[in-house]
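# Tertiary structure, described
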Amino acid sequence: MAPSPDDTYQLITRQLQEVLGGDIIKAILAEGRTPKCYWGTAPTGRPHIGYFVPLTKIADFLRAGVEVTILLADVHAFLDNLKAPLELVAHRTQYYKKLLLAVFSSLGIPTSRLRFVEGSSYQLSKEYSLDNYKLCTLVSEHDAKKAGAEVVKQVDSPLLSGLLYPGMQALDEQYLGCDFQFGGVDQRKIFTFAELYLPRLGYAKRAHLMNPMVPGLGGGKMSSSDPNSKIDFLDPPEVVRKKIKNAFCEEGNAAENGVLAFVNAVLIPISELRIERLQGKTGADADEGASAIGDQTPFVIEGAPEGTVFSIQRKEEFGGSLHYKSFEELEADFVAKKVHPLDLKTAVAASINRLLDPIRAAFQEDEEWKKTEKLAYPDPNAKPEKKKKVKVYHPPPPGKGKNAKPADAAAPAPEGQAAPTAPTPDATASTAAPAAQEQSTS
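Residues numbered from 1 in each chain as written. Predicted model: local features only at pLDDT ≥ 70, side-chain atom pairs only at ≥ 80, totals over all residues. Heavy atoms only, no water.

## What to know about the packing of aromatic side chains
Within this structure, the stated rule accounts for 11 aromatic pairs. Here the aromatic rings of Phe193 and Tyr197 are separated by 4.7 Å at their centres, their planes lie at 40 degrees, and the arrangement is tilted. Separated by four residues within a single helix, Phe193 and Tyr197 lie in helix H10 (residues 188-197), roughly one turn from each other. Here the aromatic rings of Phe363 and Trp369 are separated by 5.1 Å at their centres, their planes lie at 85 degrees, and the arrangement is edge-to-face. With relative accessibility at 2%, the residue Trp369 sits in the buried group. Ring-pair connections join several aromatic residues into one group, and the members of that group are Tyr95, Phe363, Trp369 and Tyr377. A cation over an aromatic ring shows up here: Lys26 above the ring of Tyr9, its NZ or CZ 4.9 Å from the ring centre. The ring of Tyr197 has Arg200 lying over it, and the distance from NZ or CZ to the ring centre is 5.0 Å. (Phe/Tyr/Trp six-rings, centres within 6.5 Å; stacked < 30°, edge-to-face > 60°. Helix = DSSP H or I, 4+ residues; strand = E, 2+ residues; numbered from the N terminus. Buried < 20%, exposed > 50% of the residue type's maximum accessible area, 1.4 Å probe, protein only. Lys NZ or Arg CZ within 6 Å of the ring centre and 35° of its normal.)

## With respect to the environment of His76
Within the element layout of this structure, His76 appears in helix H4 (residues 74-79). With 13 residues separating them along the chain, His76 and Val89 place their C-alpha atoms 9.8 Å apart. Setting aside anything within four residues of it in sequence, one finds His76 in contact with Ala42, Gln123, Tyr165, Met168, Gln169 and Asp172. (Contact = heavy atoms within 4.5 Å.)

## Things to note about helix H7 (residues 126-136)
One full turn of an α-helix is made of 3.6 residues, so residues set three or four places apart face in the same direction. Along H7, the residues classified as buried are Tyr128, Asp131, Asn132 and Leu135. With its buried residues spanning 105 degrees around the axis, H7 presents them on a single face. Facing away from the buried side of H7, by more than 90 degrees, are the exposed residues Lys126 and Tyr133. Of the surrounding elements, those touching the buried residues of H7 are helix H6 (120-123), helix H9 (160-175) and H10. (Arc of directions from axis to C-beta.)

## Points about the layout of surface pockets
Rolled over the atoms, a probe as big as a water molecule pinpoints where empty space is left. Space inside the second largest pocket adds up to approximately 430 Å³. As for the second largest pocket, its lining consists of 24 residues, of which Gln15, Pro212, Asn264, Ala265 and Pro269 are closest to the centre. When residues of the lining of the second largest pocket are traced back to their parent elements, those giving at least two are helix H3 (52-63), helix H12 (258-278) and helix H13 (327-335). In terms of residue count, the dominant contributor to the lining of the second largest pocket is H12 (eight residues). Partitioning the lining of the second largest pocket into residue classes produces 12 nonpolar, six polar and six charged. (1 Å grid on protein atoms, 1.4 Å probe; cavity = no way out; pocket = protein on both sides within 12 Å on 5 of 7 lines; lining within 4 Å. Points joined across faces, edges and corners; volume = space filled by probe spheres on them. Nonpolar A, V, L, I, M, F, W, Y, C, P; charged D, E, K, R; others polar.)

## Section: empty space enclosed by the protein
Tallying each qualifying case throughout the model produces three cavities of 30 Å³ or more. In this structure, the largest cavity spans a volume of roughly 110 Å³. Lining the largest cavity are 12 residues; nearest its centre among them are Val152, Lys153, Gln154, Pro158 and Gly162. Mapped onto the lining of the largest cavity, the elements with two or more residues apiece are helix H8 (141-147) and H9. For the lining of the largest cavity, the per-class residue count stands at six nonpolar, four polar and two charged.

By themselves, these observations are geometric and do not establish any function.
Here it is as structure tokens:
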């Protein structure tokens, strides 16, 4: 039995923080059409594990039959206060694509159903450029700056490139042919900007879906530019454990707790995704999990009660293992100090390493990816190689040099004749004397 439009809408919007224009999606589903969406990322700094939030949600879109486009916004990456020059952006775009493909595979999401598009493939066209100019005649500096406040890097003297960023992201909705754009709640001002200005260009208003943002390890936003706030997808296991060990996780304090928030935003949703897959609940995505890499079991230890989505393993002398059917249960126990931060951190670090193991393995097996990584993120502390001076041999001119011989001596003798010998000084003098005498008598 096919799911109802209401059930499909519920699947598309579950676990999101906010939905703008949900009626647009409901109308498409009611008509029996297939919704189309796009999720974009600008290839700047190294992606961190906060990306698991939107990438996991894409599984729901595919289950609902949504056509998904992944935008690698290379032009945006260059415009964002020149975070990366063009030559680096090209390498980083390829690095991002390699990484995203590996992450999707580790989540069991079939990459064959995803469309990858580079922004420069259409953003440099005549039509797009003209629309961008038209938009510039409608948008004030104030509105452009306000729209990008949470996304574009803010500096005392902003560049014009940063003001173009929100308008281009709005135009992407039209040129990618989507019905809704998906992104983090930090994109909200750009989304409302698009809802206001696209109709002024004669284009349709789109819906916007927003996932929650994962706090950084020290509280605040997890950021690619702050290495202490994040865990990279390729961080080795010992680095992951060290970062989680040093993360802010005060006993009984659930506010701004990046470790606890990661369980809520990533680990439990992935557990639920895997449990549903085991139960055959993949909707329109019959291929989900078919080409998955790595361990696909939920973050639950053996012997956990049915319905458990997250377990914390402890020794019996410390009260035994804990099992939770929802995040609310875990949060309540943490606030009540029934869960010690060290036990939570140990469980979270182990779960993160389970998530990253197949991605790290894929990287190590892909020589092209490793070369791309070095080009995309060159070591800033690497010293340039000193070029050794190569001595070039220049032969001396004829008759010069250590082993030079007189020209006559060097000439080979005609065939059948003896080689001439150089006259001695005495012989030269004896022949010169008669010649002088003969000249004087004449």
